[in-house]
Amino acid sequence: MAGWLDRLGRRISSGSSSVPGDQEGDEPERRRITGSTPGIAALLEAVEADGSHSILDLGPAMASSFQLYRRFAHRIRFADLFGEWTKEGWKTALASIPQQARGSYDLILAWDMLDRLSPDGRRELIDTLAGLSAPGAGFHTVIHDSGVETIRPLQFGLLDVDRMYYEPSSSIRLSRTPILPAELARLVEPFRVTRAFTLKGDLREYVAIRS
């Protein structure tokens with residue numbers, strides 16, 4: 001365990017990976033926002049804090065998130081689909097999850113991944129996550145709620161079961177197709193949306209359950 005934490009600490013202290021499209025020396029406009037996350041609270045209140053669960057986080061490894069997950073899970077995986085952001089890079093990262101993990105994750109946190117993808121990519125992601133999730137698994141995602149067609153990708157971390165922070169992970173903006181609430185409900189099937197929350201910063205949290 002200590003070795004894992006040491007590696008995690010070194011990774012975080014080294015900074016985020018470069019993003020294709022950034023110019024050399026161009027730093028992201030960092031403005032960390034800390035606030036409540038009722039969606040994560042709703043997701044975690046449905047499971048026992050007994051260390052018996054398995055969690056898949058599609059974002060980069062964050063020490064604070066890892067410490068929180070340890071209360072609930074014996075198996076924690078950060079897929080880091082955001083690490084090398086290329087058109088197909090996220091697929092490679094997702095495919096690297098061991099096959100024996102299929103059907104075994106109790107909680108999946110996608111953060112703003114859906115906002116970063118094309119409509120076809122969103123469908124492919126959800127289909128893959130459905131295959132990785134256990135029956136009744138919880139699913140969490142964050143969507144930009146402003147209807148804008150370009151977004152600055154965010155990096156998220158958890159501070160407690162109902163507190164998180166986020167900040168821009170890059171100075172570039174990604175084009176997106178806005179996702180309306182009714183569209184989101186259809187998009188995430190076979191996960192069924194059970195809760196939705198509006199956050200500051202034009203963000204909206206969704207919590208869903210695997211049918």
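Definitions and cut-offs
Residues numbered from 1 in each chain as written. Predicted model: local features only at pLDDT ≥ 70, side-chain atom pairs only at ≥ 80, totals over all residues. Heavy atoms only, no water. 1 Å grid on protein atoms, 1.4 Å probe; cavity = no way out; pocket = protein on both sides within 12 Å on 5 of 7 lines; lining within 4 Å. Points joined across faces, edges and corners; volume = space filled by probe spheres on them. Nonpolar A, V, L, I, M, F, W, Y, C, P; charged D, E, K, R; others polar. Helix = DSSP H or I, 4+ residues; strand = E, 2+ residues; numbered from the N terminus. Phe/Tyr/Trp six-rings, centres within 6.5 Å; stacked < 30°, edge-to-face > 60°. Buried < 20%, exposed > 50% of the residue type's maximum accessible area, 1.4 Å probe, protein only. Salt bridge = Lys/Arg side-chain N within 4 Å of Asp/Glu carboxyl O.

All right, on to empty space enclosed by the protein then. Enumeration according to the criterion identifies 1 cavity of 30 Å³ or more in this entry. The calculated volume of the largest cavity comes to roughly 40 Å³. As for the largest cavity, its lining consists of Asp57, Gly59, Pro60, Met62, Ser65, Phe82, Trp111, Phe156 and Gly157. Looking at the lining of the largest cavity residue by residue, the classes come out as 5 nonpolar, 3 polar and 1 charged.

Glu189 connects to Pro190 through a cis peptide bond whose omega is 20 degrees. Tracing the backbone shows Pro190 in the loop between helix H7 (181-187) and strand E10 (191-199). The backbone of Asp80 sits at a positive phi, close to 50 degrees, despite the residue not being glycine. As for its placement among the helices and strands, Asp80 is situated in the loop between strand E3 (73-78) and helix H4 (89-95).

This paragraph deals with the packing of aromatic side chains. Under the definition given, this model contains 4 aromatic pairs. Ring centres of Trp111 and Phe156 lie 4.9 Å apart, and the angle between their planes is 10 degrees; on these two criteria the pair is classed as stacked. Taken together, the residues Trp111 in strand E4 (residues 105-111) and Phe156 in strand E7 (residues 154-160) connect sequence positions 45 residues apart. Both residues of the pair, Trp111 and Phe156, count as buried. On the basis of an interplanar angle of 40 degrees and a centroid distance of 5.6 Å, the ring pair of Phe156 and Tyr166 is categorised as tilted. Taken as a pair, Phe156 in strand E7 and Tyr166 in strand E8 (residues 163-168) lie far apart in primary sequence, 10 residues in all. Assessed through its relative accessible area of 4%, Phe156 is described here as buried.

Now for the pattern of salt bridges. Scanning the model with the defined rule gives 7 salt bridges in all. Note that Asp160 is salt-bridged to Arg71, the shortest N-O span being 3.4 Å. Remark: Arg71 occurs in the loop between helix H3 (63-69) and E3 and Asp160 occurs in strand E7; sequence separation between them is 89 residues. With relative accessibility at 41%, the residue Arg71 sits in the partly exposed group. Across the pair Asp115 and Arg176 runs a salt bridge whose closest N-O atoms are separated by 2.7 Å. Of the two residues, Asp115 is situated in helix H5 (residues 113-116) and Arg176 in the loop between strand E9 (174-175) and H7; the sequence distance between them amounts to 61 residues. The buried category is assigned to Asp115, whose relative accessible area is 0%.

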